[in-house]
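Geometric and topological summary
One letter stands for each residue in the lines below.
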Amino acid sequence: MRTGIIVILLGALLGVAYVSWHLWRITPGGWAAKLLAAGLFLLWMAAAFASMMLREKTSISTITALYELGHPWMIAFLYLLIVFILADIGALVRLIPKGWLISNAISMASILGVIAVVLTAGGIHYKHKYREELTIRTEKPLDRPLTIVLASDLHIGYSNRKAELARWIDLINAEHPDIVLFGGDIMDIQLRPLVEGNYAEELHRLTAPAFTVLGNHEYIGGEADAERFLKDAGIGLLRDSVVRVEGITIIGRDDRSNPERKPLAELADSLHGFSILLDHQPYHLEEAEAAGIDFQFSGHTHRGQVWPLSWLTDAMYEKSWGHHQRGHTQYYVSSGLGIWGPKIRIGTRSEYLVLRVEHRPEAEGPGDVPR
């Protein structure tokens with residue numbers, strides 16, 4: 001684990017050095033102009049890291065400003081890295097002239113301008129919350145048809161602040177749900193802004209019983225603190241536990257950050273009626289199928305958040321986003337309602353799921369209708 005982190009850090013440092021060097025080369029003018037271009041890039045990076053390193057040492061407003069200013073650097077760095085690598089390959093195979101990368105105002109303005117437009121469009125796109133609907137018709141008995149709203153990865157805190165949370169609560173309440181389920185990572189790394197900003201009062205506005213599981217960010221921030229916050233917010237926390245609500249069984253697995261979490265087979269040992277599994281990270285989907293779960297909801301992946309990282313998550317997981325089925329078990333892996341870090345989505349979306357569960361007599365035939 002430690003070796004992997006060291007390798008990642010060294011790779012990141014090499015990437016930063018590579019991009020900084022290219023910014024130095026492509027900037028027209030003398031040393032002063034080149035120092036300014038590379039220096040601004042490094043200062044932008046410093047703001048991003050300062051927002052994470054100084055969370056315990058300065059005011060909420062200062063950290064929030066650093067988040068807003070610094071975190072888009074991560075996406076800009078990714079795209080600058082891709083552009084310069086492709087440009088170097090193009091120059092190597094003589095598809096583009098080498099002079100295109102040296103003291104060239106047109107090249108520099110073109111690259112930075114396109115990236116600025118892409119980041120701006122990604123920020124606008126993130127603000128739109130997609131409503132996904134899925135209907136499952138089951139032969140298992142139900143007291144009545146149910147509407148369940150499910151959302152994952154809110155990451156409320158320094159980036160997604162209280163006013164944004166209020167907007168999301170309004171969206172959820174507008175569905176008139178019977179149950180609200182969260183798939184983990186309600187908080188974003190640290191509990192401090194949630195407590196000082198009294199975010200719990202917004203969650204109390206939910207008009208239906210709400211339950212959640214822990215995600216990896218609750219473990220990063222401290223699961224004991226997260227548990228206290230969720231209790232204050234009126235959200236039922238399922239940690240390797242089962243609850244019966246409105247005639248269905250809801251199983252909540254502790255996050256895989258806990259190596260001692262219970263096996264799913266043990267939690268599902270005495271299933272009764274239609275069952276929903278909440279498991280933050282969508283690994284080993286075959287376990288839900290083997291346990292006879294009707295529906296599993298997960299998040300965590302964000303589907304990479306921006307292209308081409310979505311290619312990476314698609315390769316890492318059996319299903320990194322969307323509706324999926326294994327045997328009689330259905331799944332939905334959410335790309336998240338909120339987001340970690342920069343509030344930018346490129347090639348992915350922020351979403352919540354409206355799940356309709358209806359009784360289907362056996363004679364009616366197949367009964368799962370995504371829509």
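To start, this report covers the structure provided alongside it.

About the cut-offs
Residues numbered from 1 in each chain as written. Predicted model: local features only at pLDDT ≥ 70, side-chain atom pairs only at ≥ 80, totals over all residues. Heavy atoms only, no water. Helix = DSSP H or I, 4+ residues; strand = E, 2+ residues; numbered from the N terminus. Rg over C-alpha atoms; globule rule 2.2 N^0.38 Å. Buried < 20%, exposed > 50% of the residue type's maximum accessible area, 1.4 Å probe, protein only. Contact = heavy atoms within 4.5 Å. 1 Å grid on protein atoms, 1.4 Å probe; cavity = no way out; pocket = protein on both sides within 12 Å on 5 of 7 lines; lining within 4 Å. Points joined across faces, edges and corners; volume = space filled by probe spheres on them. Nonpolar A, V, L, I, M, F, W, Y, C, P; charged D, E, K, R; others polar. Expected span 1.5 Å × (residues − 1). Pairing = 2+ DSSP bridges. Axes fitted to C-alpha atoms, helices over the stretch in contact; angles between N-to-C directions.

1. Considering the overall build of the chain
A count of helical and extended segments in the chain gives 13 helices and 13 strands. Over its C-alpha trace the chain gives a radius of gyration of 23 Å, about what one expects of a compact globule, namely 21 Å for 371 residues. Summarising its shape, the C-alpha atoms of the chain cover approximately 75 × 45 × 40 Å along the three principal directions. Considering the chain as a whole, with its 371 residues, one finds that 52% of them fall into the buried category. Sequence-distant contacts, at least 24 apart, represent 75% of the contacts inside the chain between residues at least 6 apart.

2. Focus: empty space enclosed by the protein
Counted according to the given criterion, the structure contains one cavity of 30 Å³ or more. Of the voids in this model, the largest cavity is the one considered here, and its volume is about 40 Å³. A total of three residues in the lining of the largest cavity trace back to one element, the largest contributor, which is helix H10 (residues 223-232). Classifying every residue of the lining of the largest cavity gives five nonpolar, no polar and one charged.

3. Looking at helix H4 (residues 72-92)
Along its 21 residues, H4 runs 30 Å from first to last C-alpha, staying within 8% of the 30 Å computed at 1.5 Å per residue. Within two residues after H4, Arg94 carries a phi angle of roughly 65°, on the positive side.

4. Quick look at the layout of surface pockets
Remark: the empty space left among the atoms is shown by a probe the size of a water molecule rolled over them. Counted as a void, the largest pocket has a volume near 1600 Å³. In this structure, the largest pocket is lined by 37 residues; those nearest its centre are Ile8, Met74, Gln305, Leu309 and Trp340. Mapped by element, the contributors of at least two residues to the lining of the largest pocket are helix H1 (2-26), helix H2 (31-53), H4, helix H9 (216-221) and helix H13 (309-316). Looking at the lining of the largest pocket element by element, the count peaks at eight residues for H1. Residues belonging to the lining of the largest pocket are distributed by class as follows: 24 nonpolar, eleven polar and two charged.

5. Remarks on the sheet that holds strand S8 (residues 275-278)
Taken together, six strands build an open sheet; the order of strands is S6-S7-S8-S9-S11-S10 and the sheet is mixed. The open sheet has two free edges, formed respectively by strand S6 (241-245) and strand S10 (322-326), since each of these has just one partner strand. Mean inter-strand twist for the sheet, computed between neighbouring axes without regard to direction, equals 20°. Note that S10 and strand S11 (residues 329-333) share five bridges and pair antiparallel.

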